[in-house]
Amino acid sequence: CLLISSLYHTWDVMSRTISYRLFIAFDGTNYLNESSRLLQASGENRLTPPDAIGSGRGIVDRCQLELDNRDGRYSPLNSSGALYSSIQAGGAYNRPMYLEVSIDGGSNYYRVFTGVIKIPQEQTPTPTKPATVQIDCRSVDELLLGRRTSTSQSDLQVTNTYGYTEGDTILYWVQLAGKTATVDDGIFVLPWAWMDDESVLEEIWQIAAATGGRFYADPDGVLRYEDMTHWLKSPHTVSQETFTRADFQDLQPVYSDTELYNSVTVEASSRYKGAIDVLWEPDEPIVVPPSSTKAVVARFRQPAWSASVPSWKAATQGGIDKTTSVTVSVTAAYVQRMELSIVNADTEAVYLHPFNISGVGLAGGPTQEETRTSAANGSNNSWWTSRATTRSKAIRGNAYIQTRAQAGTLAHFLLRRSEAPRLTYKLKGCPGKSSRRCGDLVTINDTEIMSSSRTAFITAIAWRLTQNGFAQDIEAIDAAGYAPYQATGYFVIGTNKLGAAGGSLTKPIWY
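Only a predicted model underlies this, so the values are computations on that prediction, with no experimental measurement involved. (Residues numbered from 1 in each chain as written. Predicted model: local features only at pLDDT ≥ 70, side-chain atom pairs only at ≥ 80, totals over all residues. Heavy atoms only, no water.)

Undergrad: Can you lay out the environment of Leu505 for me, pointing to particular residues and giving the numbers?
TA: When you line up the elements, Leu505 lands in the segment after α9 (479–482). Judged by its relative accessible area of 34%, Leu505 is partly exposed. With 14 residues separating them along the chain, Leu505 and Phe491 place their C-alpha atoms 8.6 Å apart. (Helix = DSSP H or I, 4+ residues; strand = E, 2+ residues; numbered from the N terminus. Buried < 20%, exposed > 50% of the residue type's maximum accessible area, 1.4 Å probe, protein only.)

Undergrad: So what about the state of the cysteines? Which residues, and what values?
TA: The term disulfide refers to a covalent linkage connecting the sulfur atoms of a pair of cysteines. Tallied over the entire structure, the rule returns zero disulfides. Counting only cysteine sulfurs, Cys137 is the nearest neighbor of Cys63, a cysteine outside any disulfide, at a range of 4.5 Å. The buried category is assigned to Cys63, whose relative accessible area is 0%. The exposure class of Cys137 is buried, given its relative accessible area of 0%. (Disulfide = S-S within 2.5 Å.)

Undergrad: Could you give an account of the pairing of strand β29 (residues 422–431), with specific residues and numbers?
TA: In the sheet, strand β17 (residues 250–256) pairs with β29 via seven bridges, with the strands oriented antiparallel. Counterpart to Pro253 in the pairing with β29 is Tyr425. (Pairing = 2+ DSSP bridges.)

Undergrad: Give me the side chain of Thr265: which residues, what numbers.
TA: If you trace the backbone, Thr265 turns up in strand β18 (residues 263–268). Within polar-contact distance, the side chain of Thr265 engages the side chain of Thr371 at 2.8 Å. Among all residues touching Thr265, those that are not within four sequence positions of it are Glu369, Glu370, Thr371, Lys393, Ala394, Ile395 and Arg396. (Polar contact = N/O pair within 3.5 Å; in protein donor to acceptor, adjacent residues only side chain to side chain. Contact = heavy atoms within 4.5 Å.)

Undergrad: Please set out the layout of surface pockets residue by residue, giving values where relevant.
TA: Within this model, the second largest pocket holds a volume of roughly 400 Å³. Considering the residues around the second largest pocket, the lining is formed by 16 residues, among which Thr229, Lys233, Phe491, Val492 and Trp510 are closest to the centre. (1 Å grid on protein atoms, 1.4 Å probe; cavity = no way out; pocket = protein on both sides within 12 Å on 5 of 7 lines; lining within 4 Å. Points joined across faces, edges and corners; volume = space filled by probe spheres on them.)

Undergrad: Can you lay out the environment of Leu99 for me, pointing to particular residues and giving the numbers?
TA: Along the chain, the position of Leu99 falls in strand β7 (residues 96–103). Given the relative accessible area of 0%, Leu99 is considered buried. Taking the C-alpha atoms as reference points, Leu99 and Thr403, 304 residues apart in sequence, are found 43 Å from one another.

Undergrad: How would you explain the pattern of salt bridges if you had to name every residue and give the values?
TA: Going through the model one piece at a time under the given rule, you end up with 29 salt bridges. Here Asp478 ties to Arg454 by a salt bridge, and the two come within 2.8 Å at their closest N and O atoms. Pair noted here: Asp478 is in strand β32 (residues 469–478) and Arg454 is in strand β31 (residues 454–466), with a separation of 24 residues, a long-range link. The exposure class assigned to Asp478 is buried, which follows from its relative accessible area of 5%. Judged by its relative accessible area of 33%, Arg454 is partly exposed. By sharing partners, the salt bridges in this structure join Asp196, Arg299, Arg337 and Glu339 into a single network. (Salt bridge = Lys/Arg side-chain N within 4 Å of Asp/Glu carboxyl O.)

Undergrad: Explain unusual backbone geometry to me, and be specific about the residues and the numbers.
TA: With omega at 5 degrees, the peptide bond leading from Ser234 into Pro235 counts as cis. Mapped onto the secondary structure, Pro235 falls in the loop between β15 (223–226) and β16 (242–243). In the segment running from His353 into Pro354, the intervening peptide bond is cis, with an omega of 0 degrees. When you line up the elements, Pro354 lands in strand β26 (residues 350–364). The phi dihedral of Asp197 is positive, around 50 degrees, even though this residue is not glycine. Along the chain, the position of Asp197 falls in the loop between β12 (182–183) and β13 (198–199). A positive phi is found at Ala388, a non-glycine position, where the angle reads about 50 degrees. In this structure, Ala388 sits in the loop between α7 (381–385) and β28 (392–395).

Undergrad: Residues and numbers for empty space enclosed by the protein, please.
TA: The method is simple in principle: a probe with the dimensions of a water molecule rolls over the atoms, and the space it marks as empty is what remains. Tallied over the full model, the rule gives two cavities of 30 Å³ or more. Considered as a void within the structure, the second largest cavity measures approximately 60 Å³ in volume. What lines the second largest cavity is Asn45, Arg111, Val112, Pro219, Lys433, Ser434, Arg436, Arg437, Cys438, Ile461, Trp463 and Gln472. For the lining of the second largest cavity, the elements supplying multiple residues, two or more each, are β8 (110–117) and β31. Partitioning the lining of the second largest cavity into residue classes produces five nonpolar, three polar and four charged. (Nonpolar A, V, L, I, M, F, W, Y, C, P; charged D, E, K, R; others polar.)

Undergrad: Go over the nonpolar core with me, naming the residues and quoting the values.
TA: Among the nonpolar cores identified, the biggest contains 65 residues, and Phe215 and Leu427 are the most heavily contacted of them. Excluding its chain neighbours within four sequence positions, the residues that come into contact with Leu427 are Phe243, Phe248, Asp250, Leu251, Ile444, Gln472, Asp473 and Ile474. Ile24, Cys63, Leu67 and Ile117 belong to the second-largest nonpolar core, a separate cluster that totals 26 residues. (Core = buried A, V, L, I, M, F, W, Y, C linked by side-chain atoms within 4.5 Å.)

Undergrad: I'd like a rundown of the packing of aromatic side chains, residues and numbers included.
TA: Taken as a whole and judged by the stated rule, the model has 18 aromatic pairs. An angle of 50 degrees between the planes, with centres 5.8 Å apart, marks the rings of Phe413 and Trp510 as tilted. Here Phe413, found in helix α8 (residues 404–418), pairs with Trp510, found in the segment after α9; they are 97 residues apart in sequence, far enough to count as distant. Like Trp510, Phe413 is buried. For the pair Tyr485 and Tyr490, a centre-to-centre distance of 5.9 Å together with 80 degrees between the ring planes defines the contact as edge-to-face. (Phe/Tyr/Trp six-rings, centres within 6.5 Å; stacked < 30°, edge-to-face > 60°.)

Undergrad: Talk me through the sheet that holds β28; I want residue IDs and the actual numbers.
TA: By definition, the strands of a sheet pair up through backbone hydrogen bonds, in either a parallel or an antiparallel sense. Pairing is mixed across the open sheet formed by three strands, whose spatial order is β27-β18-β28. Either end of the sheet is taken by a strand with one partner, and the two such strands are β27 (368–373) and β28. When the angles between neighbouring strand axes are averaged without regard to direction, this sheet yields 15 degrees. Looking at chain direction, β18 and β28 are connected through four bridges and run parallel. Its bridge partner lying in β28, Val264 is registered against Lys393. (Axes fitted to C-alpha atoms, helices over the stretch in contact; angles between N-to-C directions.)

Undergrad: Help me get a handle on helix α5 (residues 200–211), residues and values and all.
TA: Helix length check: α5 (12 residues) gives 17 Å between terminal C-alpha atoms against 16 Å at 1.5 Å per residue, within 8%. Among the 12 residues of α5, 10 are classified as buried, and the element is accordingly described as predominantly covered. Of the residues making up α5, those classed as buried are Val200, Leu201, Glu203, Ile204, Trp205, Ile207, Ala208, Ala209, Ala210 and Thr211. A positive phi of about 75 degrees marks Gly212, the residue just after α5. (Expected span 1.5 Å × (residues − 1).)

Spelled out as structure tokens, the structure:
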């Protein structure tokens, strides 16, 4: 039975009623209801693994839509099409969209994807298939991926002086890019964090990798940063649902040895403010034609904490001083470069020499390494000893790992996640639940293959919305392997106590 409404679309499938709403703003502002034209949709929400320290890569989620195009509505070459003015010549690129689903006639719709569309790909009709259009979508963090920006010297001074954590820095950078985000307070102070014409999203991924956190866009379109302790707090301390044999078509518990190590080394790279020195001077004299303006980009020899205004002299090729006819203005001062505008009001070409910029640079301190091993810091050394083998992992080159304490924490955290084979779960063919989210703590209980239930954190949800129903495939990591003391809790400042006198209030400290 297929029921159609002007506001939503409904498929009655077996014992469940699936209602959905698809909205796309093809003009960038006004959302149009495209629900009745949706033939099928699929997508994936996936978190970066909580132990992807040093990888420096995150995940932009994807969604694929197939829509009925029998009337040419989505045809960019059809001038009589209803959307032609908005989608011609690739005009649909990066336009916002969202898809939401309700189960069994409930009044609450939950979004399964929010993002932006790529350019629709049209498929001409054939004798066996009507005209359709395929639309590939990306989550909203796609908008930060191509956004390149640079950090000013004043911004660097603020974040350093006030001791910004990784959460503070990420929020500030997202706001500079014109977006908003929900962020945790953060665990580590990052003394030196800046961008130099770099992708905002890729640099945030680097920070998240260096601090054991994750940055992503959720199905509601909210940009989120979760620090490495996020899953220790509510609501992640309570199981949101239980999966039994009636709730999936197939369950695969997987022990993996891909990331199996009993020794982890993490490198930290520190910096410090140096003495006043020359930060930049051109390789050859800069020539400015008569009665003209020239833009110059001065790229510093090293990152700059502060830089003075340029020092210069101007003269003709014959050596006649023309300094008073020339004006040098600073149009922008960034950590790794200064942009200058040079105006020559004279009727002759001038040569600027000497010409330099001095300031306080940031020098790289000696690298430091922290190593954690199962023998000294772990809980699975006997397992390794009985196998008479050693596997080591080294993380180097992430500029946002900046202190010895940070490196030690990351090494210990990763060791405890890596010193035993990792247990993950794949649940296929689950009835779709649109309110289900990555990061949910769930209970898995298959009496055919496990003697007792296990709790796990959802790390990925692949979903399918078709006339056959709404289904999801779920990936999850075992909770006990992620945080050994999650059940009893970790030390909370202001709540727990240290030492023998603390009694029942003593708790283990998070790495």
